[in-house]
Amino acid sequence: MLEFGSLRSALLIGLSTVLLGFTATASAAKGANVPGASTTPSLGEPLAPSSPEQKALSDHLRAKGAIFYGAWWCPACFQQKNLFGKEAGNTLPYVECDKTDPGRARCQAAQIRAYPTWDQPGKERREGVQSLQELKIWSGFPGSTP
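In this text the structure is predicted, and so the values were computed from the model without any measurement. (Residues numbered from 1 in each chain as written. Predicted model: local features only at pLDDT ≥ 70, side-chain atom pairs only at ≥ 80, totals over all residues. Heavy atoms only, no water.)

Draft legend 1. Focus on the overall build of the protein chain. Of regular secondary structure, the protein chain possesses six helices and four strands. Moving toward the C terminus, one meets the helices and strands of the protein chain in the order α-α-β-α-α-β-α-β-β-α. By the burial criterion, 36% of the 146 residues in the protein chain qualify as buried. Of the contacts made within the protein chain by residues no fewer than 6 positions apart, 74% connect residues no fewer than 24 positions apart. Accessible area for the protein chain stands at about 8,700 Å²; split by element, carbon and sulfur atoms hold 60% of it. (Helix = DSSP H or I, 4+ residues; strand = E, 2+ residues; numbered from the N terminus. Buried < 20%, exposed > 50% of the residue type's maximum accessible area, 1.4 Å probe, protein only. Contact = heavy atoms within 4.5 Å. Areas by Shrake-Rupley, 256 points an atom, 1.4 Å probe, with all protein chains shown as cover.)

Draft legend 2. Representation of the packing of aromatic side chains. Scanning the model with the defined rule gives five aromatic pairs in all. When the ring of Phe68 is compared with that of Tyr94, the centres are 5.0 Å apart and the planes differ by 65°; the resulting orientation is edge-to-face. Of this pair, Phe68 sits in strand β1 (residues 67-70) while Tyr94 sits in strand β2 (residues 94-96), placing them 26 residues apart in sequence. For the residue pair Phe68 and Tyr94, the accessibility class agrees, reading buried in each case. The interplanar angle of 75° and the centroid separation of 5.6 Å between the aromatic rings of Trp73 and Tyr115 together place this pair among those described as edge-to-face. Here Trp73 is found in the loop between β1 and α3 (75-82), whereas its partner Tyr115 is found in the loop between α5 (101-109) and β3 (117-119), with 42 residues between them in sequence. Under the relative-accessibility criterion, Trp73 is labelled partly exposed at 44%. In textbook terms, an aromatic cluster arises when at least three aromatic residues are bridged by ring pairs, as seen for Phe68, Phe84, Tyr94, Trp118 and Trp138. Here Lys99 stacks its cationic end above the ring of Trp72, 4.7 Å away from the centre of that ring. (Phe/Tyr/Trp six-rings, centres within 6.5 Å; stacked < 30°, edge-to-face > 60°. Lys NZ or Arg CZ within 6 Å of the ring centre and 35° of its normal.)

Below is the structure:
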């Protein structure tokens, strides 16, 4: 049986989570059409700046048609984004699978089963956090060796 204090704490945590979700959705919608706006606003913000190589890899993944599927509540998705640093992490080819009906439908159509998931035309799907080296090899990043 839950005590009043435990129930109160659970309700406060749940309410906080909902409010944070609304805040993230509102800020994502505000920046959606702004040039240079983050493609991954719902995942949080890495603190470290990106290196030129991290930026080049993010650009390369986009150019190859790769897609990073994730969810705003997924710690592994934030970890994946964080590997790219701030600037590159904000330009990843990202699809949010759990904020909006169109995002949920897109991920369902792509048969996403786990977060994060990386897809690229003509390549085997990758599930789970991928190291930058793994993504370089998988995507054929110049200078990477299998």
